[in-house]
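So you can see what is in the structure, the chains are spelled out below.
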Amino acid sequence: MRRIAVKVVSLALVVALAGAVAAWAGGGHRGKGSGRTLTVIEHATTDATTDTGATGDTAGDILTFANEVFDRADAHVVGTDQGYCVRVVAGKSYECNWTTSLAGGQITVEGPFLDAGDSTLAITGGTGRYRKARGFMKLHSLENGTKFAFEFHFAG
């Protein structure tokens, strides 16, 4: 009787784990040919630019940051980010690389940050539950650049 109970409990755990993984993988917004979407809101409180060449906004200047990120409703802290951007075209764009750390893992992105309009960066990988992450991230400025929406679109 005890062996049967152990087998039933083991089977229930396997089914529960499979259901949890399926729910995570299938969560978020789905569209034709898309995977999971996750949105967080960054509060850009530590952004600092280092002037590396001629005075003012010039190619080669470096923007660094390490900020808190909040849930989609912008109500609760769910993680942090940190990274850097190098000014490529003064007044127009940076090339960036950063990591967003959330419960269960990290997501890395790389790509252009445009001074005007939304930007799209590549998801280049991750750790933990995001270890196989691929796709893209839409970056949208909020509140005159004091906050940013990170909309991660995971492939698959």
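Residues numbered from 1 in each chain as written. Predicted model: local features only at pLDDT ≥ 70, side-chain atom pairs only at ≥ 80, totals over all residues. Heavy atoms only, no water.

Moving on, we get to the nonpolar core. Side chains of nonpolar character tend, in soluble globular proteins, to be buried together. Trp-98, Ile-107, Met-137, Leu-139, Phe-150, Phe-152 and Phe-154 are the most contacted members of the largest nonpolar core, which has 24 residues in total. Breaking this core down by element, the ones donating at least two residues are strand 1 (37-43), strand 3 (62-70), strand 5 (93-102), strand 6 (105-114), strand 7 (119-126), strand 8 (135-142) and strand 9 (147-154). For Phe-154, the contacting residues outside a window of four places in its chain are Gly-35, Arg-36, Leu-38, Ile-107, Ile-123, Tyr-130, Ala-133 and Arg-134. (Core = buried A, V, L, I, M, F, W, Y, C linked by side-chain atoms within 4.5 Å. Buried < 20%, exposed > 50% of the residue type's maximum accessible area, 1.4 Å probe, protein only. Helix = DSSP H or I, 4+ residues; strand = E, 2+ residues; numbered from the N terminus. Contact = heavy atoms within 4.5 Å.)

A separate point is the packing of aromatic side chains. The way to describe two aromatic rings as a pair is by their centre distance and the angle between their planes. Taken as a whole and judged by the stated rule, the model has seven aromatic pairs. Aromatic pair Trp-98 and Phe-150: ring centres 5.4 Å apart, planes at 40°, arrangement tilted. Of this pair, Trp-98 sits in strand 5 while Phe-150 sits in strand 9; the two residues are 52 residues apart in sequence, bridging distant segments of the chain. On the accessibility criterion, Trp-98 (4% relative accessible area) is buried. (Phe/Tyr/Trp six-rings, centres within 6.5 Å; stacked < 30°, edge-to-face > 60°.)

A separate point is the environment of Leu-102. Along the chain, the position of Leu-102 falls in strand 5. We classify Leu-102 as buried; its relative accessible area is 13%. As a C-alpha pair, Leu-102 and Val-69 span 33 residues in sequence and 8.6 Å in three-dimensional space. Residues within four places of Leu-102 in sequence aside, it is in contact with Leu-38, Val-40, Val-69, Val-78, Gly-79, Ile-107 and Tyr-130.

Counted according to the given criterion, the structure contains one disulfide. Put simply, Cys-85 and Cys-96 are joined by a disulfide, and their sulfur atoms are 2.0 Å apart. What sets the handedness of the Cys-85 and Cys-96 disulfide is the S-S torsion sign, and at about 110° it is right-handed. Note that Cys-85 is positioned in strand 4 (residues 77-89) and Cys-96 in strand 5, a separation of 11 residues in sequence. Comparing Cys-85 with Cys-96, the two get one shared label, buried. (Disulfide = S-S within 2.5 Å.)

A word on the pairing of strand 4. Pairing geometry for strand 3 and strand 4, over nine bridges, is antiparallel. Residue pairing in the sheet places Thr-64 in a bridge with Tyr-84 of strand 4. Of the strand pairs in this sheet, strand 4 and strand 5 are connected by 10 bridges, and their pairing is antiparallel. Bridging from a neighbouring strand, Arg-87 pairs with Tyr-94 of strand 5. Counting the residues in the hairpin turn of strand 4 and strand 5 gives three residues, including Gly-91, whose phi is positive at 75°. (Pairing = 2+ DSSP bridges.)

Take the pairing of strand 9 next. Regular strands show a simple pattern: their side chains alternate between the two faces of the sheet. In terms of burial, strand 9 is a largely internal element, seven of the eight residues being buried. Here seven bridges tie strand 1 to strand 9, and the two strands are oriented antiparallel to one another. For Leu-38, the partnering residue across the bridge sits in strand 9 and is Phe-152. Two strands pair when backbone bridges link them, and strand 8 and strand 9 are joined in this way by eight bridges, in the antiparallel orientation. Within strand 9, the residue paired with Leu-142 across the bridge is Lys-147. Between strand 8 and strand 9, which pair antiparallel in sequence order, lie four residues; one of them, Glu-143, sits at a positive phi of approximately 50°.

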